[in-house]
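Chain residues, written in single-letter form:
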Amino acid sequence: MNDEINYTNNPLHGLGLQELLTQIVDHYGFEILYAYLNINCLKTNPSIESSVKFLKKTDWAREKVEIFYLYKYKNLPRVSSEQFELPPRKRIIPEGQTPREPAELSFEDAERVREKQALKAAEHGKTKNYRNSMSDNQRGRYSKK
């Protein structure tokens, strides 16, 4: 990528993960975040500190939270196909696009989003259900506590 690109037109520029998470948790709460993102650290004994610790170690989860921040909390329009391929912190928000009021979210809408994602995944031969991808031996270890 070109070093000349100015990333300051990205709401994530200069924003730490803890501050980002604090903003969205203060606005939506852990329960609605878990409903939309399906990241276990947002459900099991959730706290900002433990979630930040997990997200710093887990790229896919951190990017999922950053995408949520940009397109639900900051309510920015969808990105172009070339920007879509970039991680959220490297995306350039076009001139004239400014953050809007956070999107109104509900548990019902979260369920619809998850159903839609599952259908898309099934169409592409991918599974969103971790249990389906585990071997019988692994399933035996995780099925009951």
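Procedures and definitions
Residues numbered from 1 in each chain as written. Predicted model: local features only at pLDDT ≥ 70, side-chain atom pairs only at ≥ 80, totals over all residues. Heavy atoms only, no water. Helix = DSSP H or I, 4+ residues; strand = E, 2+ residues; numbered from the N terminus. Buried < 20%, exposed > 50% of the residue type's maximum accessible area, 1.4 Å probe, protein only. Contact = heavy atoms within 4.5 Å. Expected span 1.5 Å × (residues − 1). Salt bridge = Lys/Arg side-chain N within 4 Å of Asp/Glu carboxyl O. pLDDT = per-residue confidence, 0-100. Phe/Tyr/Trp six-rings, centres within 6.5 Å; stacked < 30°, edge-to-face > 60°.

(A) Summary view of the environment of Leu12. Summarising the element assignment, Leu12 is placed in the segment before α1 (17-28). Among the residues examined, Leu12 registers a relative accessible area of 1% and is labelled buried. Between the alpha carbons of Leu12 and Pro88 there is a distance of 7.9 Å; along the sequence they are 76 residues apart. Those residues in contact with Leu12, other than ones at most four positions away along the chain, are Leu20, Glu66, Tyr69, Leu70, Pro88 and Arg89.

(B) How the structure looks around helix α4 (residues 59-73). Look at α4: 20 Å from first C-alpha to last across 15 residues, which is about the 21 Å you get at 1.5 Å a residue. Along α4, the residues classified as buried are Ala61, Val65, Glu66, Phe68, Tyr69, Leu70, Tyr71 and Tyr73. Packing partners of the buried residues in α4 comprise α1, α2 (30-37) and α3 (48-57). Asn75 sits one or two residues past α4 and shows a positive phi near 55°.

(C) A look at the pattern of salt bridges. According to the stated counting rule, one finds three salt bridges in the structure shown. Notably, a salt bridge pairs Arg62 with Asp59, separated by 2.6 Å at the nearest N-O pair. Of this pair, Arg62 and Asp59 both sit in helix α4, three residues apart, which is roughly one turn of that helix. Taking the shortest distance from any N to any O, the salt bridge between Arg112 and Asp109 comes out at 3.7 Å. Remark: Asp109 and Arg112 occur in helix α6 (residues 107-123); sequence separation between them is three residues, near one turn of the helix.

(D) The confidence of the model for the chain, seen in detail. Summarising the model, the chain shows a mean pLDDT of 84, and 81% of its residues fall at 70 or more. Here helix α7 (residues 136-142) stands out as the element of the chain with the lowest mean pLDDT, 43, in contrast to α1, whose mean of 97 is the highest. Across residues 130-145, confidence stays below pLDDT 50; counting only partners more than four residues off in sequence or on other chains, it has eight contacts.

(E) Up close: the packing of aromatic side chains. Using the criterion set out here, one finds four aromatic pairs in the structure. Between Tyr28 and Phe68 the ring centres are 5.6 Å apart and the planes differ by 75°, which places this aromatic pair in the edge-to-face class. One end of the pair, Tyr28, is in helix α1; the other, Phe68, is in helix α4, with 40 residues separating them in the sequence. Comparing Tyr28 with Phe68, the two get one shared label, buried. Taken together, the aromatic side chains of Tyr28, Tyr36, Phe68, Tyr69 and Tyr73 make up a single cluster linked through ring pairs.

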